[in-house]
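The residues making up each chain are set out below.
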Amino acid sequence: MLLQANKLFKAIAPIATLGIFLSTISTADARTCTPLQVVGGSGTQVEKKITPGGTLLTNDNWNTDFAVPSGTNFNRYVAAITPKDNANYSIKFFLKYSNNTVDKYYDQTSALKKGKLLLISGEPRARESPYQINILVGGLEAIGTEYSLTVSGCY
C-alpha cells in the first residue's frame, strides 16, 4: 500500500509543482500589467454577442480596438478572451502602429469552451510602441455566441 501511495505522489508532484509555478507567474503578471481602454467604449472590458458577417450594406461587430497610452513602453500585450458558449471562434490579434503598419500575432480558428480563458500575447517591435491593439473575434460558426474580452499592456 505504501509503495502505491509513493508512486501516486511521484506522478502527481510534478503536476502540482507546475500548477503552483504557473499561479505564481499569473500573480506576478497581474501586478505588472495595465488593462487598456476600449476604443469607442467605456472601461477596459467588452462583452459581445457575435453578429453575422458584414455585407456591402451592414457591418459586423467582430473587431475591437484597445488604446495604448502614449508614452508607455510595454514589453508585451495580452488579450484575455472568455467565451460564454462552446464554439469555433475565428480569432485574430494585431498590434497597430502609427505608420499604418500592423503586426499579426494570432490568426486561427479555435474551438473554445464555455468559461475557459484563452490568453494570446504579442510583443511590440524593438524601440516602437503600437498605438492600438486590435482583436477580431467572430466566425460563421460563432454567430450568436457571446464572449468577454480584455487587453493589457505588460512590463
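Scroll up a little and you will see the structure.
Residues numbered from 1 in each chain as written. Predicted model: local features only at pLDDT ≥ 70, side-chain atom pairs only at ≥ 80, totals over all residues. Heavy atoms only, no water.

Notes on the state of the cysteines
Turning to step 1, where the next piece is worked out: Applying the stated rule across the entire model yields 1 disulfide.
Turning to step 2, where the next piece is worked out: In this model, Cys33 is linked to Cys154 through a disulfide, with the two sulfur atoms separated by 2.0 Å. Between Cys33 and Cys154 the disulfide shows an S-S torsion of about 105°. By sign, it is right-handed. Placement of the pair is Cys33 in strand 1 (residues 33–35) and Cys154 in strand 10 (residues 146–154), with a sequence separation of 121 residues. (Disulfide = S-S within 2.5 Å. Helix = DSSP H or I, 4+ residues; strand = E, 2+ residues; numbered from the N terminus.)

Here's the deal with the environment of Thr150
Turning to step 1, where the next piece is worked out: Assignment of secondary structure puts Thr150 in strand 10.
Turning to step 2, where the next piece is worked out: Owing to a relative accessible area of 23%, Thr150 belongs among the partly exposed residues under this scheme.
Turning to step 3, where the next piece is worked out: Between the alpha carbons of Thr150 and Gln45 there is a distance of 4.8 Å; along the sequence they are 105 residues apart.
Turning to step 4, where the next piece is worked out: Aside from chain neighbours lying at most four places away, what touches Thr150 is Thr44, Gln45, Phe66, Val78, Ala79 and Ala80. (Buried < 20%, exposed > 50% of the residue type's maximum accessible area, 1.4 Å probe, protein only. Contact = heavy atoms within 4.5 Å.)

Notes on the nonpolar core
Turning to step 1, where the next piece is worked out: Counting residues in each nonpolar core, the largest one holds 29 residues, and the members touching the most others are Ile81, Phe93, Ile133, Ile135 and Leu149.
Turning to step 2, where the next piece is worked out: Put simply, the parts of the chain that give this core at least two residues each are strand 5 (76–83), strand 6 (87–96), strand 7 (102–112), strand 8 (118–122), strand 9 (132–138) and strand 10.
Turning to step 3, where the next piece is worked out: Top contributing element to this core by residue count: strand 6, with 5 residues.
Turning to step 4, where the next piece is worked out: Residue contacts for Leu149: discarding those within four places in its chain leaves Thr44, Gln45, Val46, Thr64, Phe66, Ala79, Ala80, Ile81 and Ile135. (Core = buried A, V, L, I, M, F, W, Y, C linked by side-chain atoms within 4.5 Å.)

Considerations on the sheet that holds strand 4 (residues 63–67)
Turning to step 1, where the next piece is worked out: Strand order in the open sheet formed by 5 strands is 2-4-9-6-7, with antiparallel pairing between adjacent strands. In the strand order of this sheet, the two ends are held by strand 2 (37–38) and strand 7, each with one partner.
Turning to step 2, where the next piece is worked out: Summarising the sheet, strand 6 and strand 9 pair through 7 bridges and their orientation is antiparallel. From the neighbouring strand, Lys96 faces strand 9, where its bridge partner is Gln132. (Pairing = 2+ DSSP bridges.)

What to know about the environment of Asn63
Turning to step 1, where the next piece is worked out: Counting through the fold element by element, Asn63 comes out in strand 4.
Turning to step 2, where the next piece is worked out: Taking relative accessible area as the criterion, Asn63 reaches 42% and is therefore assigned partly exposed.
Turning to step 3, where the next piece is worked out: Placed 72 residues apart in sequence, Asn63 and Ile135 show a C-alpha to C-alpha distance of 5.7 Å.
Turning to step 4, where the next piece is worked out: Filtering out sequence-adjacent residues up to four positions away, Asn63 remains in contact with Lys48, Asn134, Ile135 and Leu136.
Turning to step 5, where the next piece is worked out: In this structure the side chain of Asn63 is engaged in a polar contact, spanning 3.3 Å, whose partner is the side chain of Asn134. (Polar contact = N/O pair within 3.5 Å; in protein donor to acceptor, adjacent residues only side chain to side chain.)

Purely geometric numbers; function is a separate question.
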